[in-house]
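Below are the chains, spelled out letter by letter.
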Amino acid sequence: MSITAANPIGIFDSGIGGLTVVKAVHASLPAEQIIYFGDTARVPYGSKSQFMIRKYAQDDTAVLMKYQPKMIIVACNTVSALAFDVVEETGKNIPVLGVLEAGAELAVRYTRNKRIGVIGTRATVASNAYPCAINRLDPDIEVCSSPCPLFVPLAEEGYTSHPAAEMIAEEYLRQLIDHGIDTLVLGCTHYPILKRLIGKIIGPDISIVDSAEAVARKTREMLGEQDLLNSTESTMKPHLLVSDLPQKFKSLCELFLGREVPDVELVEV
């Protein structure tokens, strides 16, 4: 397959969460055509076995490969932690970028007291991938991780300021606050949808790391190095694909992105 600057960027996640990455990449590189696949039929990934997560990663990459992308962004922390190699293998020689490494780099840069908190799905936390990535960069940093399995369904339902969401967030975040962290990594791309609520509970003294912006910077850097940046001046609208419930996804997109989105295409995996 011949790759040129005109080829699209492929991004996938288990549901709506990866739109945080789409938003950041589009803001940074508006001329790039983005193909986004949200596997809404099988969300969430974080409660699944490693075997199934690796199978889903292969399926999702195969969907994007039909559009001949020039790079693939894994906007799913669970897949980044447990199946990054599967995406690289399925994508053949295409550059692959994951949210996990980008988030770890940013957290190390932000922390002042070398105590970092990580929240994510059960699978991401159990993989120990974030502490490993952070400690590779700075072995003196103490990482405290906490799974927040109910955050994904809350984000998917748009319950960003519901009293029940606040109560659940308080329960999840209390032990991290008590541990004295000064930086919190949102280790799932769904969680920035709840960023305002999370910020309200942890307070202004704890920095929040949203890896979407770090991914956008890294995307520009990687494409620039390979001379694959699209130099046209036109602004491209993202092309959105889902495996189930396109209308619900479209309404959530508009709620989250704050603007009307193009039609969402239903695809089979």
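Residues numbered from 1 in each chain as written. Predicted model: local features only at pLDDT ≥ 70, side-chain atom pairs only at ≥ 80, totals over all residues. Heavy atoms only, no water.

**Student:** Which parts of the structure should I look at to understand the pattern of salt bridges?
**Tutor:** Side chains that differ in sign of charge can pair as their charged atoms come close. If you walk through the whole model with that rule in mind, you get 16 salt bridges. One salt bridge in this structure joins lysine 70 and glutamate 32, with 2.6 Å as the shortest N-O distance. With lysine 70 in the loop between α2 (50–65) and β3 (71–74) and glutamate 32 in the loop between α1 (19–28) and β2 (34–38), this residue pair connects regions lying 38 residues apart in the sequence. When sorted by exposure, lysine 70 lands in the same class as glutamate 32, which is buried. Residues aspartate 85 and arginine 54 are paired through a salt bridge, measuring 2.8 Å at the closest nitrogen-oxygen approach. In this pair, aspartate 85 is assigned in helix α4 (residues 84–90) and arginine 54 in helix α2, connecting sequence segments 31 residues apart. Judged by relative accessible area, aspartate 85 falls into the partly exposed class, the value being 38%. (Salt bridge = Lys/Arg side-chain N within 4 Å of Asp/Glu carboxyl O. Helix = DSSP H or I, 4+ residues; strand = E, 2+ residues; numbered from the N terminus. Buried < 20%, exposed > 50% of the residue type's maximum accessible area, 1.4 Å probe, protein only.)

**Student:** Would you mind going over the environment of cysteine 132 with me for this structure?
**Tutor:** As for its position among the elements, cysteine 132 is in helix α7 (residues 129–137). For cysteine 132, a relative accessible area of 37% corresponds to the partly exposed category. When the C-alpha atoms of cysteine 132 and valine 143 are compared, they prove to be 9.3 Å apart, with eleven residues separating the residues in sequence.

**Student:** I tried to follow α7 on my own but got confused; where do I start?
**Tutor:** Count 3.6 residues to each turn of an α-helix, and residues three or four apart come out pointing the same way. Among the residues of α7, Ala129, Tyr130, Pro131, Ala133 and Ile134 are the ones counted as buried. Where α7 is buried, its residues touch α3 (77–82), α5 (99–110), β5 (115–120), α6 (122–127), β6 (142–147) and β7 (183–186). (Contact = heavy atoms within 4.5 Å.)

**Student:** Is there a simple way to explain unusual backbone geometry in this structure?
**Tutor:** Glycine aside, residues mostly have negative phi angles, and peptide bonds mostly take the trans form. Cis geometry marks the peptide bond from valine 43 to proline 44, where omega comes out at 0 degrees. Within the secondary structure layout, proline 44 lies in the loop between β2 and α2. You will see that asparagine 128, though not glycine, has its phi angle at about 65 degrees, which is positive. With respect to the helices and strands, the residue asparagine 128 is situated in the loop between α6 and α7. When its relative accessible area of 39% is taken as the criterion, asparagine 128 is described as partly exposed.

**Student:** Got a minute to help me understand the packing of aromatic side chains in this structure?
**Tutor:** Each aromatic ring pair is described using two quantities: the centre-to-centre distance and the angle formed by the ring planes. Per the stated rule, a full pass over the model turns up four aromatic pairs. Aromatic pair tyrosine 36 and phenylalanine 249: ring centres 6.3 Å apart, planes at 15 degrees, arrangement stacked. Residue tyrosine 36 is located in strand β2, and its partner phenylalanine 249 is located in helix α12 (residues 246–257); the two are separated by 213 residues in the primary sequence. Given a relative accessible area of 0%, tyrosine 36 falls into the buried group. (Phe/Tyr/Trp six-rings, centres within 6.5 Å; stacked < 30°, edge-to-face > 60°.)

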